[in-house]
Amino acid sequence: MTARHELAVIGAGPAGLAAAATAAELGLKVALFDDQPAPGGQIYRGVERTPLADPAVLGDDYRRGADLAEAFRASGAAYHPSCGVWLLTPERELGLLDNGQARFVTAGRVIIAGGAMERPVPFPGWTLPGVMTAGAGQILLKSAGMVPGKGVVLAGTGPLLLLLAAQYLRAGVQIAALLDMTPPSNALRALPHLPAALSAFGTLAKGLALKREIHRAGVRVVKGVTSLRALGEARLEAVAYEAGGREQRLDSELLLVHFGVIPESNTTRSLGIRHLWDSRQLCWRPVADAWGNTGAEGFAVAGDGAGIGGALAAEYAGRLAALEAARALGRIDAAERDRSAAPVRAALAKERRVRPFLDVLFQPAPELISQLADDTVVCRCEEVTAGQIREAVGQGCTGPNQLKSFTRCGMGPCQGRQCGTTVSQLIGHTLGRPVEEIGAYRIRPPLKPIGLTQLAALDGEGEAAA
Amino acid sequence: MFKKLHDDGAERVTVTIDGREARVPAGETVAAAALIHGLQPFRTSAVSGAPRAPYCMMGVCFDCLVEIDGTPNRQACQVRVAEGMAIRRQDGAGETAP
Ligand SMILES: Cc1cc2nc3c(=O)[nH]c(=O)nc-3n(C[C@H](O)[C@H](O)[C@H](O)COP(=O)(O)OP(=O)(O)OC[C@H]3O[C@@H](n4cnc5c(N)ncnc54)[C@H](O)[C@@H]3O)c2cc1C
Ligand code: FES
């Protein structure tokens with residue numbers, strides 16, 4: 001028989017951990033599925049067993065994750081690590097790849113807390129070995145205790161780039177340069193949002209402290225960087241860029257780039273949930289109400305997968321989605337849900353007040369997409385260039401799904417995760433129309449690669465053969 | 001490109017990376033192990049044969065695809081090492097002979 005759960009939670013980051021623990025404490029039979037081997041999600045990755053001799057390298061925030069994981073472990077929610085969800089049906093059937101074995105479960109309700117991914121921004125040479133994302137560098141640090149050997153170059157914009165720089169410095173890593181690609185005009189544009197942001201003084205203070213830490217360490221910080229290029233044949237050999245009107249070049253074997261984070265929307269998209277274009281965060285996000293309920297019956301979203309709000313906001317949104325699940329499944333009434341939700345909602349609102357300021361302050365330059373050189377690869381998998389996309393648009397292609405048949409763009413193994421956002425923006429820019437009207441790739445399961453042998457292991461009842 | 005901050009004293013398993021034996025911490029991802037042991041590149045691209053290696057480490061770019069125990073197209077950043085595992089560079093789309 002296919003196992004049935006009252007509530008399925010996807011993702012063991014702050015949103016999923018808080019949702020599962022809250023729901024289990026309210027008496028729901030909860031199962032949490034996460035493709036990582038241990039709880040924590042992105043921010044608290046490896047929090048229960050970090051390979052670092054000195055976890056202080058990762059900063060104070062990291063510790064909050066240990067409390068979350070502990071509360072989750074004690075809550076009675078069933079935990080399925082190393083268990084990826086590759087299929088979601090409107091009937092709330094979940095296709096799982098559970099430690100390499102395919103199986104199915106069903107659920108009365110589902111909370112999707114799959115989190116974010118780093119914004120892919122194409123630039124010349126970004127497919128070369130030796131070019132990675134800052135998040136990738138951080139994952140290697142958190143889960144494998146690995147750091148760059150020598151002379152790493154960091155480039156891009158966003159808090160995570162500064163955080164990684166500080167974490168590396170604390171670990172004794174030598175940083176060759178931090179290339180700040182934040183448009184200088186952002187600060188002025190962000191200013192009107194500053195008063196609201198001051199209510200989240202702690203977040204701002206932490207950001208300033210990171211900057212001071214980097215400055216004090218004497219890291220070479222280059223401001224106003226544009227035209228980033230990765231040079232090399234078989235691998236990265238040098239990083240080229242422009243700053244202060246001059247062409248510069250740094251020899252390096254490792255470049256870590258970062259341009260902010262965006263919701264990983266393939267999961268929500270595969271259900272046909274409507275997504276809107278967030279013109280401040282420059283990304284798609286699923287449309288949901290204040291409890292996270294989406295247009296797909298019984299499916300809620302929580303955390304950064306629903307729109308970027310950071311780890312604390314993710315935690316609060318997870319709790320709200322759990323309270324709503326408990327109401328929908330008849331454990332509590334609406335009055336009790338609202339009573340329990342009130343303090344959480346207040347904390348969430350406070351946390352969110354800082355976002356508009358941060359979003360604008362770290363907004364990547366629009367030219368990164370609009371001025372993409374014609375020979376730059378946009379789709380890493382099918383190696384489709386910006387020029388080929390513009391050419392397809394010139395020949396009458398009006399949207400991302402049509403583009404697939406014109407160029408195969410978005411049809412490789414990553415299923416458009418790397419090129420999707422760029423493609424929507426680039427087509428919009430080329431046609432002079434808003435991204436919202438251009439739309440995005442339709443996503444079909446499987447969400448994760450699943451082998452024929454794994455599927456063949458399923459017996460007639462939909463349960464994995466023993 | 002990368003080095004270990006310190007020896008974490010973790011239990012080790014033996015794998016082969018392109019035929020060479022390596023002792024790597026149990027529980028580590030194939031990508032982390034192969035990066036430390038110098039697998040370069042991880043694969044060549046399906047269209048132009050360009051060299052590729054891990055980019056995102058979180059499962060969304062698919063540039064870390066390698067052959068593991070004879071099966072191509074495995075995401076090295078999502079698979080954990082296991083005793084006796086054979087990890088190989090992948091050429092192109094990674095179709096294996098029938
Ligand atoms: C690489 C990276 C590093 C980051 N580092 C930091 C940081 O150091 N500090 C900070 O404040 N913010 C960081 N962020 C921002 C981060 O998005 C939030 O702070 C926070 O982690 C969001 O919490 P969440 O619960 O929404 O999602 P996450 O923490 O991202 O957790 C989502 C979890 O769901 C899992 N998952 C996703 N899809 C599936 C599926 N289909 N099946 C099974 N499991 C699935 C993921 O593997 C992950 O474990 C980072 C983001 C990224 C992308
Ligand atoms: S490194 Fe991106 S999917 Fe593995």
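Residues numbered from 1 in each chain as written. Chains lettered and ligands numbered in written order. Predicted model: local features only at pLDDT ≥ 70, side-chain atom pairs only at ≥ 80, totals over all residues. Heavy atoms only, no water.

Caption draft 1: Layout of the overall build of chain A. Within chain A one finds 17 helices and 22 strands. The C-alpha atoms of chain A give a radius of gyration of 22 Å, which matches the 23 Å a tight globule of 466 residues would have. If one aligns the C-alpha atoms of chain A with their principal axes, the spans along those axes are about 65 × 50 × 45 Å. The buried share of chain A, reckoned over its 466 residues, is 60%. Of the contacts formed within chain A by residues at least 6 apart in sequence, a portion of 66% connects residues at least 24 apart. Of the accessible surface of chain A, which amounts to about 18500 Å², a share of 54% is contributed by carbon and sulfur atoms. (Helix = DSSP H or I, 4+ residues; strand = E, 2+ residues; numbered from the N terminus. Rg over C-alpha atoms; globule rule 2.2 N^0.38 Å. Buried < 20%, exposed > 50% of the residue type's maximum accessible area, 1.4 Å probe, protein only. Contact = heavy atoms within 4.5 Å. Areas by Shrake-Rupley, 256 points an atom, 1.4 Å probe, with all protein chains shown as cover.)

Caption draft 2: Expanded view of the interface of chain B and chain A. Contacts between the two partners involve 33 residues from chain B, matched on the other side by 43 residues from chain A. Together, the buried faces of chain B and chain A total about 3500 Å²; carbon and sulfur atoms form 61% of this surface. Between the two partners, chain B and chain A, sit one salt bridge. R380(A) is paired through a salt bridge with D63(B); the nearest N and O atoms lie 2.7 Å apart. Of the residues belonging to the side of chain B that touches chain A, the class tally is 20 nonpolar, six polar and seven charged. (Buried area = accessible area lost by both parts, 1.4 Å probe. Salt bridge = Lys/Arg side-chain N within 4 Å of Asp/Glu carboxyl O. Nonpolar A, V, L, I, M, F, W, Y, C, P; charged D, E, K, R; others polar.)

Caption draft 3: Spatial organisation of helix α13 (residues 386–394) of chain A. Every buried residue of α13(A) is accounted for by A386(A), G387(A), I389(A), A392(A) and V393(A). Where α13(A) is buried, its residues contact β21 (377–379), β22 (384–385), α14 (400–407) and α15 (420–431) of chain A.

Caption draft 4: Quick look at the environment of F123(A). All names here are of chain A. Residue position: F123 is located in the loop between β7 (116–118) and β8 (131–133). In this structure F123 comes out as buried when scored by relative accessible area, which is 5%. When the C-alpha atoms of F123 and L161 are compared, they prove to be 17 Å apart, with 38 residues separating the residues in sequence. Every residue in contact with F123, bar those within four places of it in the chain, is listed here: V131, L228, R229, A230, L255, V257 and T376.

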